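Listed below are the residues making up each chain.
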Amino acid sequence: ATTTTDTDTYADANGLFTINYPQGWYVEANGFTERFGMPFPNVLIGTSKEVMDLSSTEQLLPEGEIGLGMTFMPKAMFTEMGMAEDAPLDTIAEFAVMAFSEDGMPEMAGIKMVSLSNGTEVAQFRMDGETESAWVMVQQVGEGVVLFAPSVVAPGYRNEELESHVSDIVASLDFTGSLDDVVAFMEANMMADMTEAAQPGSATFIATEYAFDAPEQVSAGLTNV
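Rules of the game
Residues numbered from 1 in each chain as written. Predicted model: local features only at pLDDT ≥ 70, side-chain atom pairs only at ≥ 80, totals over all residues. Heavy atoms only, no water. Salt bridge = Lys/Arg side-chain N within 4 Å of Asp/Glu carboxyl O. Phe/Tyr/Trp six-rings, centres within 6.5 Å; stacked < 30°, edge-to-face > 60°. Pairing = 2+ DSSP bridges. Helix = DSSP H or I, 4+ residues; strand = E, 2+ residues; numbered from the N terminus. Axes fitted to C-alpha atoms, helices over the stretch in contact; angles between N-to-C directions. Contact = heavy atoms within 4.5 Å. Buried < 20%, exposed > 50% of the residue type's maximum accessible area, 1.4 Å probe, protein only. Patch = residues over 30% accessible without salt bridge, like charges linked within 9 Å, V, L, I, M, F, W, Y side chains within 5 Å. Areas by Shrake-Rupley, 256 points an atom, 1.4 Å probe, with all protein chains shown as cover. Polar contact = N/O pair within 3.5 Å; in protein donor to acceptor, adjacent residues only side chain to side chain. Core = buried A, V, L, I, M, F, W, Y, C linked by side-chain atoms within 4.5 Å. Arc of directions from axis to C-beta.

Quick notes on the pattern of salt bridges
Tallying each qualifying case throughout the model produces five salt bridges. Where Glu28 meets Arg35, a salt bridge forms, and the shortest distance between an N and an O atom there is 2.7 Å. Connected through salt bridges with shared partners, the residues Glu28, Arg35, Lys49 and Asp53 form a single ionic network.

A word on the packing of aromatic side chains
A full pass over the atoms with the stated rule returns four aromatic pairs. By the ring-pair criterion, three or more aromatic residues cluster together here, those being Tyr10, Phe17, Phe72 and Phe175.

Observations regarding the sheet that holds strand S5 (residues 67–74)
The strands that make up a sheet pair up through hydrogen bonds in the backbone, lying either parallel or antiparallel. Here seven strands make up an open sheet; going across it, the order is S3-S4-S5-S9-S8-S7-S6 and the pairing antiparallel. Each of the sheet's edge strands pairs with one partner strand only, and the pair in question is strand S3 (26–29) and strand S6 (112–115). Taking each pair of neighbouring strands and ignoring which way they run, the sheet shows an average axis angle of 25°. The pairing of strand S7 (residues 121–128) with strand S8 (residues 133–142) spans six bridges and is antiparallel. Across the sheet, the residue bridging to Ala123 is Val138, located in S8. Of the strands in this sheet, strand S4 (42–46), S5, S7, S8 and strand S9 (145–153) touch helix H5 (residues 160–171), which is tilted by about 15° from S8.

Describing the side chain of Asn30
Along the chain, the position of Asn30 falls in the loop between S3 and helix H1 (31–36). Look at Asn30 and you get buried, because its relative accessible area is 18%.

Considerations on the pairing of strand S1 (residues 7–11)
Bridge analysis of S1 against strand S2 (residues 17–22) gives five bridges, and the strand direction is antiparallel. Residue pairing across strands places Thr7 opposite Pro22, the latter belonging to S2. Where S1 hands over to S2, the hairpin turn is made up of five residues, of which Gly15 adopts a positive phi near 75°.

Considering a nonpolar patch on the surface
On the surface, Phe205, Phe212, Val218 and Val225 cluster together into a nonpolar patch covering about 470 Å² of accessible area. As for its position among the elements, Val225 is in the segment after strand S14 (223–224).

Some points on the side chain of Asn42
By secondary structure assignment, the location of Asn42 is in strand S4. Residue classification places Asn42 among the buried residues on the basis of a relative accessible area of 0%. Side-chain polar atoms of Asn42 contact the backbone nitrogen of Phe32, separated by 2.8 Å.

A short note on the nonpolar core
Phe17, Ile19, Met70, Phe72 and Val138 are the most contacted members of the largest nonpolar core, which totals 60 residues. Among all residues touching Phe72, those that are not within four sequence positions of it are Phe17, Phe40, Pro41, Val141, Val145, Val146, Leu147, Leu173, Phe175 and Val182.

Quick notes on the environment of Gln124
Note on placement: Gln124 falls in strand S7. Owing to a relative accessible area of 13%, Gln124 belongs among the buried residues under this scheme. Residues Gln124 and Pro150, spaced 26 residues apart in sequence, show a C-alpha to C-alpha distance of 9.4 Å. Those residues within four positions of Gln124 in sequence are excluded, and the remaining contacts are Gly110, Ile111, Lys112, Val114, Trp135, Val136 and Met137. A polar contact of 3.4 Å, which involves the side chain of Gln124, links it to the side chain of Trp135.

What to know about unusual backbone geometry
In this structure, Asn30 takes a positive phi of about 55° despite not being glycine. Backbone geometry at Glu58 places phi at a positive 55°, although glycine is not the residue there. If you trace the backbone, Glu58 turns up in the loop between helix H2 (49–56) and S5.

A short note on H2
Taken together, the buried positions of H2 are Val51, Met52, Leu54 and Ser55. Seen along its axis, H2 keeps its buried residues to an arc of 165°; they face one direction. Lining the buried residues of H2 we find S3, H1, S4, S5 and S9.

Have a look at this one:
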């Protein structure tokens, strides 16, 4: 199904992609990076900031809300994990989920191939958890680049209108970047993390006449005192 609603356009600051989304929805540029430390180019979109905040802290989602994440990853990540270079899209979807899972392969409801309103083919499946259900789409969007697009709703909740809005957002994607752009973005983010980690911490000790006021603990590593 295709919904008709007024839309706004989000343009990635690095020029990698644009998407259209319903007016009034919440948009967080590089939200995956800020919330989960994922270095890939990405954006979070949803009916409200609340649904994103609850999802990122693994709290129970309310019904009537939906949140979508769109992140772009090199396909080579999955071949390094053992996936065949010519793997079909449903297999790519399995490896994409494995890349984000800390406990191996989670329970995935049967993967099926779906055509979006613009004719784009995606692999789609659902994963159900205690605090949310995830509805995931995976698509190849360029030479060597894979879109991983999970959306989250309340556990077991179905809302065809909201799901149709999400499908329209993914269908509106115009990926104008390249594999080199994605890799450069990742390298820049990982370098920034390394630089931040290398900065020394600080600890303040205040001497009084017969005592010291000091922190209960100091983090490991270089420390300015």
